[in-house]
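# Per-entry structural report
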Amino acid sequence: MAFERTLSILKPDATNRNLTGAINDRFEKGGLKIVAQKRLRLKRQEAERFYEIHAERPFYRDLVAFMTSGPVVVEVLEGEDAVSRLREIMGATDPEKAANGTIRKDFGLSIEKNSVHGSDSRENAQREIAFFFSEIEICP
Ligand code: ATP
Ligand code: MG
């Protein structure tokens, strides 16, 4: 077990449907603490840079368009094994393949509009947290 931080983004399909409270409830009931949170609208260049790891993937342009289509809520979550714990609570990328009781199963609309993002490794969590937050904005 390791005490970690990870980054989550509540995506535009979730903010549009007023699901931010319901999703935060899943995080908190799942043992994660929200230690930083802000709502913002990503500019195209910001979304491109955040997802640059996927730049060669066929869905990249659509993903950037979707992530800039409305507000998002970015959050730092803290807890034991926070990176893998968040991935468990979110469920598989495709809501149709996500396990029962996961956020994507219950709220996701499609493989693209899947309601939440979660960092996929400790290294990426550090990069993604630094992308959105300075240390002074994170309050454990
Ligand atoms: P995230 O990074 O958002 O937590 P993930 O790690 O489960 O999701 P990735 O492979 O990193 O999945 O893909 C990033 C995002 O790109 C997905 O969450 C989804 O919104 C979108 N995406 C992934 N695969 C597809 C696809 N085949 N078609 C359309 N969009 C996709
Ligand atoms: Mg990912």
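Please refer to the structure higher up on the page.
The text that follows walks through the structure, step by step, so that each part is easy to find. Numbering of residues begins from 1 in every chain and follows the order in which that chain's sequence is written. Here chains are named by letter from A upward and ligands by number from 1 upward, in the order in which they appear as written. Where local features are concerned, this predicted model is filtered to residues with pLDDT of at least 70; where side-chain atom pairs are given and counted, the filter is 80 or more; whole-chain, interface and lining totals use all residues. Values shown for side chains rest on all heavy atoms present in the structure; no hydrogens or waters enter the calculation.

### As for the environment of Q126
This is how the line gets drawn: Strands here mean DSSP runs of E at least two residues long; helices mean DSSP runs of H or I at least four residues long; both are numbered from the N terminus.
Here Q126 is to be found in helix 7 (residues 122-132). Linking Q126 and L7, residues 119 residues apart in sequence, is a C-alpha distance of 8.2 Å.

### What to know about the nonpolar core
Inside soluble globular proteins, nonpolar side chains tend to come together where they are buried. Threshold: The definition of a nonpolar core used throughout is a set of buried Ala, Val, Leu, Ile, Met, Phe, Trp, Tyr and Cys residues joined through side-chain atoms within 4.5 Å. Relative accessibility thresholds used throughout: buried, under 20% of the residue-type maximum; exposed, over 50%; partly exposed, between the two (1.4 Å probe, protein chains only). The contact criterion used is simple: two residues touch if any of their non-hydrogen atoms lie within 4.5 Å.
Core analysis: the biggest nonpolar cluster contains 20 residues, and L7, I9, M67, V76, F132, F133 and I138 have the highest contact counts within it. Within the residue set of this core, elements represented by two or more residues are strand 1 (3-10), strand 2 (33-40), helix 3 (44-50), helix 4 (60-67), strand 3 (72-80) and helix 7. When residues of this core are assigned to their parent elements, the largest contribution, five residues, is made by helix 4. Contacts of V76, omitting those with residues within four sequence positions, involve R5, T6, K33, I34, V35, A36, I129, F133 and I138. Counting residues in hydrophobic clusters, the runner-up holds 15 residues, among them F27, A82, L86 and V116.

### Regarding the sheet that holds strand 1
Selection criterion: Each pair of strands is called paired provided DSSP finds at least two bridges between the two strands. For helices, the fitted line uses only the C-alpha atoms of the stretch in contact; every axis is such a line through C-alpha atoms, and the angle between N-to-C directions lies from 0 to 180 degrees.
Here we have four strands laid out as an open sheet, ordered 2-3-1-4, and antiparallel in their pairing. Two strands close off the open sheet at either side, each with one partner strand: strand 2 and strand 4 (116-118). On average, each strand axis in the sheet is inclined to that of its neighbour by 20 degrees, with strand direction left out of account. Relative to strand 3, strand 2 runs antiparallel, the two being bridged by seven bridges.

Keep in mind these numbers describe shape, not what the thing actually does.
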